[in-house]
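So you can see what is in the structure, the chains are spelled out below.
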Amino acid sequence: MNGKHKNGVHNHKNNDKMNMEEMGDEHVASSYETPLREDAFEVSDDTKIKLIEERFREIMEIMGLDLSDDSLNGTPHRVAKMYIKEIFSGLNPANKPAPTLFENVYKYNEMLVEKDITFFSNCEHHFVPIYGKAHVAYISSGKVIGLSKINRIVQYFSRRPQVQERLTIQIGKELEKMLDTGSVAVVMDAAHMCVSSRGIQDTNSTTVTSYYSGKFQEEATRNEFLKYIGMNK
Ligand SMILES: [Zn+2]
């Protein structure tokens, strides 16, 4: 969300209730973006950590935990720091990995695949982990990217409260932009703790989501990619 609202129909105090109707035409294409408040980064990380720490202490106290216990005393600060500096650090565009591209004319039109990228995210509905493997491919426009950079892009978007479908699209769109190509494939295969540890407690199921653009929408190219990642049944 870039914070521009064409018609001014949208009340700033209700940012968290924003939906597609309220966003107007210019936002239709950004429905895959994480819903963020306009003032999301007006407060420093240190202040956020302090505020979350206070709130989390209250949550623990409401549950009846004795915060004077040595083992629990540092938990509110640890959780707050983990939220801002680690598992939700991908909310802040300042933490986005800078692209380091290099030209490689010999790779023009070639499919590059990186498979089995481990990722850890959190479900935005329950704030419990989603974790699994991501498989990424692109058809090079002559620009190529270091493999570790693809890894870092996957991690960056994972470090947000997420739904797996949106996470998959965000990675795909970012790679298209970064690599200047219209042909990207992303497959994510993940376990959801909110399914395995609560609710229906299904410990075996995983969820597969995919994003295919350009040449990957053609069956032959897509099958070649699925063969590389061992998912062409
Ligand atoms: Zn959930």
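Residues numbered from 1 in each chain as written. Predicted model: local features only at pLDDT ≥ 70, side-chain atom pairs only at ≥ 80, totals over all residues.

Novice: Residues and numbers for helix H5 (residues 147–158), please.
Specialist: The first and last C-alpha atoms of H5 sit 17 Å apart over 12 residues, in line with the 16 Å expected at 1.5 Å per residue. Every buried residue belonging to H5 is among Ile 150, Ile 153, Val 154, Tyr 156, Phe 157 and Ser 158, and all of these are buried. (Helix = DSSP H or I, 4+ residues; strand = E, 2+ residues; numbered from the N terminus. Expected span 1.5 Å × (residues − 1). Buried ≥ 20, exposed ≤ 12 C-beta atoms within 10 Å, placed from the backbone.)

Novice: Could you give an account of the nonpolar core, naming the residues involved and the relevant values?
Specialist: Counting residues in each nonpolar core, the largest one holds 29 residues, and the members touching the most others are Val 136, Val 154, Ile 171, Leu 175, Ala 185 and Val 186. Not counting residues up to four positions away in its chain, the partners in contact with Ala 185 are Ala 137, Tyr 211, Tyr 212, Phe 216, Arg 222 and Phe 225. (Core = buried A, V, L, I, M, F, W, Y, C linked by C-beta atoms within 7 Å. Contact = placed C-beta atoms within 7 Å.)

Novice: An account of the pairing of strand S6 (residues 184–192) is requested, with residue identities and associated values reported.
Specialist: For S6, a buried count of 7 out of 9 residues is recorded, marking the element as mostly surrounded by other parts of the structure. In this structure, strand S3 (residues 129–139) lies alongside S6, joined through 9 bridges in antiparallel fashion. Across the sheet, Tyr 131 pairs through a bridge with Ala 191, a residue of S6. (Pairing = 2+ DSSP bridges.)

Novice: Any details on helix H6 (residues 164–179)? Residues and values, ideally.
Specialist: Here H6 contains 16 residues, and its C-alpha end-to-end distance of 23 Å stays within 8% of the 22 Å for a straight helix at 1.5 Å per residue. Taken together, the buried positions of H6 are Leu 167, Thr 168, Ile 169, Gln 170, Ile 171, Gly 172, Leu 175, Met 178 and Leu 179. With its phi angle positive at about 55 degrees, Asp 180 sits one or two positions after the end of H6.

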